[in-house]
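Examination of the molecular architecture
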Amino acid sequence: MAAGFAKAGNQLYTGERAYPFIQKSKLWFALAGLIVLISVAIPFFRGGFNLGIEFTGGSEFTVSQTEDTDIAIGEDVVSEVTGQEATVTNVAPGTVRVQTEELSDTETLDVAEGLTEGYGVTAEQVSSTFIGPVWGEHVSDQMMLGLVIFIVLVALYMAFYFRTWKMSLAAIAGLGFVVVTTVGVYAATDFEVTPSAIIGFLTILSYALYDTMVVFDKIRENLDPLERQQDQTFTERTNLAVNQTLVRSVNTSVVGILPVGSILFIGSWLLGAGTLRDIALSLFVGIIVGTVATIFVQAPLYALIRRRDFAEHTEEVLALREERFELAGITPVITASGTPLQDGRPVPFPPLPEPEPEEDELEEEDQWQLVIQSSDPAAVPVEAPDADDSGDDSGIGSSRESS
Amino acid sequence: MARARIALTGLLVLLFGMGGLLTYGVQQGQAQWAPLLALDLEGGTQMVLSPQLDEGEGEVDDEQLEQAVEIIRQRVDGTGVSEAEITTQGAQNIVVGMPGTPDEETRELIQASADMEFRPVLQISQDEDYMEELAAQDEELEGTADQDEQAAPEGEDAAAQDGEDAEQQEAAQEEGDSAQPEDFPEPEGEPQDNSDPNWVTQELAADFENHTCSREVSMEERAAADPAEPLIACDPDSGMKYLLGPVDVPGTHIDDADFGMEQTGQGISTGGWAVNLSFDAEGREEFADSSTRLNALEGERNQFAIMLDGQVISAPSMNAPITDGNAQITGNFTEEEARNLSEQLRYGSLPISFEIESEEQISATLGEDQLRMGLLAGVIGLVLTAAYALFQYRALGLVTITSLVVAGLLTWWAIALLGWSEGYRLSLAGIAGLIVSIGLTADSFIVYFERVKDELREGRSLAGAVESGWARARRTILASKAVNIIAAVVLYLVAVGNVRGFAFTLGLTAIIDVILVFLFTHPLMQVLARRKFFAAGKRFSGLSEKELGVDVLYRGRGRFARRDVVYSDPSAVGAATSEEAGEEESSAEDDVTDRATAEERSAERAQERRRRGEHAAADRLEAVPDISEEEWAKMTIAERRRAREQAARKQAEAGPGALEADEEEEAR
C-alpha cells in the first residue's frame with residue numbers, strides 16, 4: 001500500500017493525477033459554510049456546552065485504585081456530611097469521581113475522610129480539588145487574550161514571510177472555520193469543556209497554521225514563476241501545489257494523530273477524565289479539522305482572493321493553449337493541476353505558437369542579455385523592438401534576470 | 001561532506017556537553033537524572049490565589065505581587081513546610097504548590113493580608129541565642145547542600161517551640177534564667193502618648209526579656225496584635241528585638257515609595273542610597289505628630305519601627321520633624337536593600353489578601369498513576385509513529401526514528417538541566433506536550449523527505465536531491481516551526497494553572513526539533529546519500545523507483561513525460577524537450593570533434609550507471625556531460641537548469657537529426 005501511496009504521490013506531484021481542490025472551491029465553501037452554520041446552531045438547540053467544574057465552581061474528589069466502585073457510597077458520604085446531592089461517576093476502572101457544590105474546608109476534609117472509609121482505601125488514594133467559581137472564567141479570559149495576541153502576531157509574521165497580506169488573511173480566515181467547527185463538535189458531542197480543553201483549542205490554532213504554512217509555502221514556490229510561463233493558469237498552479245503537498249498533509253496528520261490518539265486512549269479509558277484526556281480530545285478533533293481546513297478552505301480562499309490579480313494571465317494562457325493544441329494537432333485532457341493528458345499519459349505542452357527558428361531565438365536572447373548587462377543605456381532602444389517580436393521573449397528575459 | 005561532519009560534530013559536542021554537565025550536577029548532588037516532577041505527578045497540593053482588593057483600591061502591580069509572593073514564602077517556610085513553591089502566574093495570580101496537604105492554619109497564613117505599621121520604639125535588645133543560630137545557619141549555608149537540608153529541620157524545631165508559648169516558658173523557667181514580672185519596675189502612670197515608657201507593664205517587660213525571635217509569626221500572634229496596644233517584635237535578619245508602642249501610622253496611609261541616590265539639602269549627591277516615602281493627607285498629619293514627638297526624644301525612643309507582616313523590617317531614627325509627608329530614610333543601604341525596602345513600603349500601602357481560586361490535592365497514588373499512564377501514552381505514541389515512519393519511508397524511516405531518539409535524549413537532558421538550574425518541574429500537561437510534539441517533530445522529517453522525493457522525481461541524483469530538497473525544506477521547516485514557537489510563547493505568557501507546563505514543553509521541543517534537523521537529520525542524509533544502498537535506490541531504501549512511484553515513468557515515453565510535466569520552473573520545460581533530443585543525438589555519433597568523444601564517453605558512463613540502476617544520475621550525465629558530479633552537487637537548482645539548457649542548446653545546434661533519433665529510441 002505504501003508503494004501505491006508513493007505512486008499516487010508521484011502522480012500528484014507531476015499533476016497527472018489531480019483533485020480539483022481549487023476549481024471546486026464553491027462547493028467546499030458552501031460545505032464549510034454549512035458546517036459553520038450547524039456548529040453555531042448546535043449550542044442553541046442543545047442549550048450550550050457541557051461545562052466542566054472549573055467553570056461552574058465546586059469541589060471534586062477522586063478516589064483512585066479502589067476495588068469498590070459503587071457510586072452509592074460516594075453519594076451517601078456527601079449527603080451525610082453536607083446534605084447535598086453529589087454527582088458520582090466511575091470514570092475509569094478503579095477510579096471514582098465525586099463532584100459536589102463548593103464545600104468549606106472542614107466539609108472537604110470530612111468528605112475526604114468519609115470517602116476513605118467508605119471505599120476502604122488509604123488517605124493517599126483520595127485526591128480533592130476545589131475550584132472557585134471565577135477560576136474557569138479567569139482561564140478563558142486569559143485564553144482569549146492569548147488568542148488575540150497569537151492571531152495578531154501570526155498574521156504579521158505570515159504577511160512578512162510571504163510578503164503578501166493576502167495569504168495571511170486567507171490563513172487567519174480559515175482559522176475561524178477551524179475554531180468554530182471544533183467548538184461545534186464539542187457542543188454536538190457533549191464533551192466536557194474544561195480549561196485543559198481550552199488550552200487544546202489554542203494549540204490547535206498553532207497546529208492548523210503550521211499545516212497551512214507548509215502548503216502555502218509550496219503555493220508561493222509554484223506561483224513564483226507563474227508569469228514567466230504560458231502553460232498553466234494561476235488556478236492550476238495553486239491546485240498543483242495543494243496536490244503536491246497532499247501526501248505530506250496526509251502523512252503529517254497521521255503522524256500528528258497517532259501520539260494524540262494514544263494520549264486520548266490512555267486518558268479516557270485507563271485514567272478517566274483529566275488533563276490528558278481534555279487536551280488530547282480537543283487536539284484530536286482539531287488536527288483533523290485543521291488539515292481539512294488547509295486543503296478545502298484556506299488554499300481555495302487564497303486562490304479566490306488572488307485570482308483577480310491574474311485574470312489577464314489566465315486569459316492569455318487559455319487562449320494560447322487552444323492555439324497550441326490546434327497547431328500540434330492533439331486534443332489532450334488538461335488535469336486540474338494543468339497537466340495535459342493524452343490517452344491517459346502525460347504529454348508536454350506543444351511549443352508556443354509563432355515559433356521562431358530556435359537558433360535565431362537563442363541568438364536574440366543572448367543579444368538581449370548582453371544589452372541588459374552593458375551599462376550603455378543607448379543600446380536598449382535599438383535592440384528592444386527586435387526582442388519584442390516573440391511573445392515569450394520578455395518572459396525568458398525576466399527569468400534570466402531573476403536567476 | 002565536510003559540512004556534514006562539522007554539523008554532526010557540533011551535535012556530539014552539544015550532547016556530550018549537556019550529558020557531561022548533568023553528570024557533573026548529579027555527582028555534586030545538586031541535580032538528578034530524572035526530571036523533577038510537579039505536584040500532579042508526585043502528589044501534593046497546588047493552590048491558585050488571586051488578590052482581593054476593595055473597590056477603588058486600584059490594581060495590583062507586578063512588584064506588589066512579587067512582594068506578596070515573598071511574604072507568603074516566608075510564612076510557609078516558617079511553618080516548616082519544605083519545598084513549597086510559590087510563584088506568580090500571569091498578571092494577577094499566585095500559585096502555591098507544596099507536598100502533602102496543608103492544615104487549616106497554613107491555608108489561613110497563605111491567604112491573610114500582610115499589614116504594614118509604623119510604631120514608635122520603646123526598648124531594644126538583642127536576642128543572643130537567635131543571633132548565634134543565625135550565624136550558625138549562615139555558616140551552614142556556605143557548606144554543601146546536604147548540610148543545608150539538615151539545617152531546615154532545626155529551624156522547624158525552633159518554630160515549633162516558639163509557636164507554643166506556654167511550653168516554652170515552662171522550659172525556660174526550669175532553666176531558671178527567665179525573667180519574672182517582679183524583676184521590673186511598675187509603670188508610673190497611664191501612658192500619655194504612643195512613645196510613653198509607661199506602656200511597659202511589668203508583665204510586658206518580662207515577656208520582652210524572655211522573648212525569642214524566629215522567622216515565623218503565628219496566626220495567633222498576628223491576631224493578638226492590637227494597633228492600640230504595645231507589641232514585641234523582631235527583625236529576623238538582624239536578631240534585634242523591639243518593644244514597640246501602639247501604631248502611629250498604618251501602612252495604608254503610605255502614598256508611594258521609591259528609592260534613589262541620597263541628596264543633601266543643596267542637592268548634592270552623597271553617594272549613598274536612600275528610600276523616599278510619601279504619605280497621603282491623613283498619613284501626613286499622623287506622621288507629622290509622630291516625627292515631632294520622636295524627634296524630641298533621645299536614644300532608642302528616637303527610633304520608629306517599620307513593621308511588615310508582624311516583623312520589623314527597618315527601625316530608623318528621626319532626625320527632624322517631618323510635616324510635609326515626605327520622608328527620606330537613609331542608612332548604609334546598598335542599592336538592593338534600598339530597592340527592597342521601597343518595594344516593601346509600596347506593598348504596605350496596599351495590603352492584599354488572597355482568595356483561593358482553585359485548589360488541587362493530588363494524592364501520591366494518583367500522581368504515580370498519572371505519571372505511569374503519561375509515560376505509557378508516550379511510549380505507545382512513539383512506537384506508532386515509528387511504525388508509520390517505517391511503513392511510509394522504509395529505511396529512511398530509520399532516520400526518523402534515530403532522530404526521534406536523539407530528540408528524546410536532548411529533551412530529557414534539557415528538562416533535567418532546567419530542573420537543576422531553574423527548578424523546572426515536569427507536570428502531566430507537560431508530558432502531554434512532549435507526546436504531542438512527537439508528531440510535530442516527525443513532521444519536519446516528512447516535509448524534508450517529501451521534498452527530497454520531489455527532487456528525485458525531477459531527475460536529480462540523491463546527493464543533489466538531498467541538497468536541493470534541503471534548501472527548500474529548510475525554509476518551510478523554519479517558517480512553520482516559527483508559528484509553533486510563537487504559539488508556545490504566547491500560551492506560556494498568558495496561561496495560568498497547568499497550561500504552562502504544556503506550553504513550555506511544546507516550545508522546548510520545537511526548538512530542539514529545529515536544532516536536530518540542522519545538526520543531525522540533514523547531515524545524516526548527506527552521509528547516507530553517499531551510500532550505495534540509498535543512492536542506487538535499492539529495495540526498501542525508501543527511495544527505490546517503486547517507492548518513489550515513478551517506475552512506469554522510467555520506461556519509454558513515460559520518462560519523457562516525467563521530465564516535461566514537472567514545472568517547478570518553466571525554463572526547465574524547454575530545456576527538457578531539447579535535452580532529450582540532444583541526448584539521442586549524442587548517441588547517434590555523427591560528430592567527430594573532441595567534444596563528441598567526450599560525450600560518447602559520458603554517455604557510456606551513463607549507460608553503465610543506468611545498468612546499475614542509478615537513473616537520476618545517469619540522466620543527468622547524459623544531459624549535461626561537461627560538468628563533473630562534484631560540481632553538479634554544489635550547484636543551485638537555477639544554475640543546474642541553466643546548465644541543462646545550455647547543454648541542450650549546444651546539442652540542438654550540432655544536429656538537426658534529433659527528431660529521427662527520438663523516434664528511433666521509441667522504436668527500441
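Residues numbered from 1 in each chain as written. Chains lettered and ligands numbered in written order. Predicted model: local features only at pLDDT ≥ 70, side-chain atom pairs only at ≥ 80, totals over all residues. Heavy atoms only, no water.

Here's the deal with the overall build of chain B
Per the secondary structure count, chain B includes 25 helices and 15 strands. Per-residue burial for chain B yields a buried fraction of 53% across its 668 residues. Considering only contacts within chain B whose residues lie at least 6 apart along the sequence, 73% involve residues at least 24 apart. (Helix = DSSP H or I, 4+ residues; strand = E, 2+ residues; numbered from the N terminus. Buried < 20%, exposed > 50% of the residue type's maximum accessible area, 1.4 Å probe, protein only. Contact = heavy atoms within 4.5 Å.)

Thoughts on the interface of chain B and chain A
Taken residue by residue, the interface counts 96 residues in chain B and 89 residues in chain A. Of the roughly 8,100 Å² buried at the junction of chain B and chain A (both faces included), carbon and sulfur atoms supply 65%. Our count for the contact surface shared by chain B and chain A stands at three salt bridges. With its nearest N and O atoms 2.5 Å apart, the salt bridge here joins B:Arg472 to A:Glu221. At the surface where chain B touches chain A, the tally comes to 17 residue pairs in polar contact (both at pLDDT 80 or more). At 18 residues, helix α12 (residues 364-393) of chain B tops the list of elements feeding residues into the side of chain B that touches chain A. Pairing geometry for strand β5 (residues 126-131) of chain A and strand β14 (residues 353-362) of chain B, over four bridges, is antiparallel. (Buried area = accessible area lost by both parts, 1.4 Å probe. Salt bridge = Lys/Arg side-chain N within 4 Å of Asp/Glu carboxyl O. Polar contact = N/O pair within 3.5 Å; in protein donor to acceptor, adjacent residues only side chain to side chain. Pairing = 2+ DSSP bridges.)

Some remarks on the packing of aromatic side chains
Using the criterion set out here, one finds 25 aromatic pairs over all chains in the structure. Plain terms: the ring middles of A:Phe234 and A:Phe310 are 4.9 Å apart, the flat faces sit at 15° to each other, and that makes the pair stacked. Within this pair, whereas A:Phe234 is found in helix α9 (residues 234-244), its partner A:Phe310 is found in the loop between α11 (275-307) and α12 (311-328), the two being separated by 76 residues in sequence. With respect to burial, A:Phe234 and A:Phe310 carry one shared label: buried. Pairing B:Phe533 with B:Phe534 gives two aromatic rings, centres 5.0 Å apart and planes at 80°, and the pair type is edge-to-face. For B:Phe534, a relative accessible area of 9% corresponds to the buried category. (Phe/Tyr/Trp six-rings, centres within 6.5 Å; stacked < 30°, edge-to-face > 60°.)

Looking at the pattern of salt bridges
According to the stated counting rule, one finds 22 salt bridges over all chains in the structure shown. Here A:Arg97 makes a salt bridge to A:Glu192, at a shortest N to O gap of 4.0 Å. Taken together, the residues span a long stretch of sequence, with A:Arg97 in strand β4 (residues 95-100) and A:Glu192 in strand β6 (residues 192-193) at a distance of 95 residues. Judged by relative accessible area, A:Glu192 falls into the buried class, the value being 16%. Within the structure, one salt-bridge network assembled from shared partners comprises A:Lys218, A:Glu221, B:Arg451, B:Glu455 and B:Arg472.

What to know about the UniProt feature "transmembrane region" (unreviewed entry) in chain A
All names here are of chain A. Under the UniProt annotation, "transmembrane region" (unreviewed entry) lies at residues 27-45, 143-162, 169-187, 193-210, 254-273 and 279-305. With 100% helix and 0% strand, the stretch residues 27-45 has end C-alpha atoms that lie 26 Å from each other. Taken end to end, residues 193-210 comprises 89% helix and 6% strand; its first and last C-alpha atoms sit 24 Å apart. (UniProt positions renumbered as here; feature names shortened; annotations may be inferred.)

So, the pairing of strand β11 (residues 304-308) of chain B
All names here are of chain B. Taking burial as the measure, the five residues of β11 include five buried ones, the bulk of the element. Covered by surrounding structure in β11 are Phe 304, Ile 306 and Leu 308 together with Ala 305 and Met 307, the residues of both alternating faces. Pairing analysis gives five bridges linking strand β5 (residues 116-126) to β11, with the strands arranged antiparallel. Note on β11: the bridge partner recorded for Pro 120 is Phe 304. Examined bridge by bridge, β11 and strand β12 (residues 311-314) share three bridges and lie antiparallel to one another. Looking at the pairing, Ile 306 lines up with Ser 314 of β12.

Some thoughts on helix α11 (residues 335-348) of chain B
Its 14 residues give α11(B) an end-to-end C-alpha distance of 20 Å, which sits within 8% of 20 Å, the value for a rise of 1.5 Å per residue. Residues of α11(B) that are buried include every one of B:Ala338, B:Leu341, B:Ser342, B:Glu343, B:Gln344, B:Leu345, B:Tyr347 and B:Gly348, and no others. (Expected span 1.5 Å × (residues − 1).)

A short note on the packing of helix α10 (residues 246-270) of chain A against α12(B)
It is the contact of α10(A) with α12(B), at a shortest axis distance of 9 Å, that shows an interaxial angle of 155°. Judged on the interaxial angle alone, α12(B) and α10(A) are roughly antiparallel. Classified by chirality, the crossing of α12(B) by α10(A) is right-handed. Of α12(B), the residues touching α10(A) (which contributes A:Asn251, A:Val254, A:Val255, A:Leu258, A:Pro259, A:Ser262, A:Ile263, A:Ile266 and A:Leu270) are B:Met373, B:Leu376, B:Ala377, B:Ile380, B:Gly381, B:Leu384, B:Thr385, B:Tyr388, B:Gln392 and B:Tyr393. Taken together, the residues of the contact of α10(A) with α12(B) sort by class into 14 nonpolar, five polar and no charged. (Axes fitted to C-alpha atoms, helices over the stretch in contact; angles between N-to-C directions. Parallel < 35°, antiparallel > 145°, perpendicular 65-115°, else oblique. Left-handed = near helix turned anticlockwise from the far one by under 90°. Nonpolar A, V, L, I, M, F, W, Y, C, P; charged D, E, K, R; others polar.)

Some details on the side chain of A:Arg228
Here A:Arg228 lies in the loop between α8 (195-223) and α9. Among the polar contacts made by the side chain of A:Arg228, one reaches the main-chain carbonyl oxygen of A:Asp224 at a distance of 3.2 Å.

Comments concerning a nonpolar patch on the surface
There is a patch of nonpolar side chains on the surface, built from A:Leu27, A:Leu31, A:Leu34 and A:Ile38 and spanning about 350 Å² of accessible area. Residue A:Leu27 is classed as partly exposed on the basis of its relative accessible area of 44%. (Patch = residues over 30% accessible without salt bridge, like charges linked within 9 Å, V, L, I, M, F, W, Y side chains within 5 Å. Areas by Shrake-Rupley, 256 points an atom, 1.4 Å probe, with all protein chains shown as cover.)

Digging into the environment of B:Leu109
Structurally, the position occupied by B:Leu109 is in helix α4 (residues 104-111). Between the C-alpha atom of B:Leu109 and that of B:Arg75, which follows or precedes it by 34 residues, the distance is 6.7 Å.

Some remarks on unusual backbone geometry
Its identity as a non-glycine residue notwithstanding, A:Gln65 has a phi of 50°, on the positive side. Tracing the backbone through its elements, the reader meets A:Gln65 in the loop between β2 (58-63) and α4 (71-82). A:Gln65 sits in the partly exposed class, given a relative accessible area of 39%. For B:Arg394, which is not glycine, the phi dihedral falls at a positive 50°. Its place among the elements puts B:Arg394 in the loop between α12 and α13 (395-421). On the accessibility criterion, B:Arg394 (24% relative accessible area) is partly exposed.

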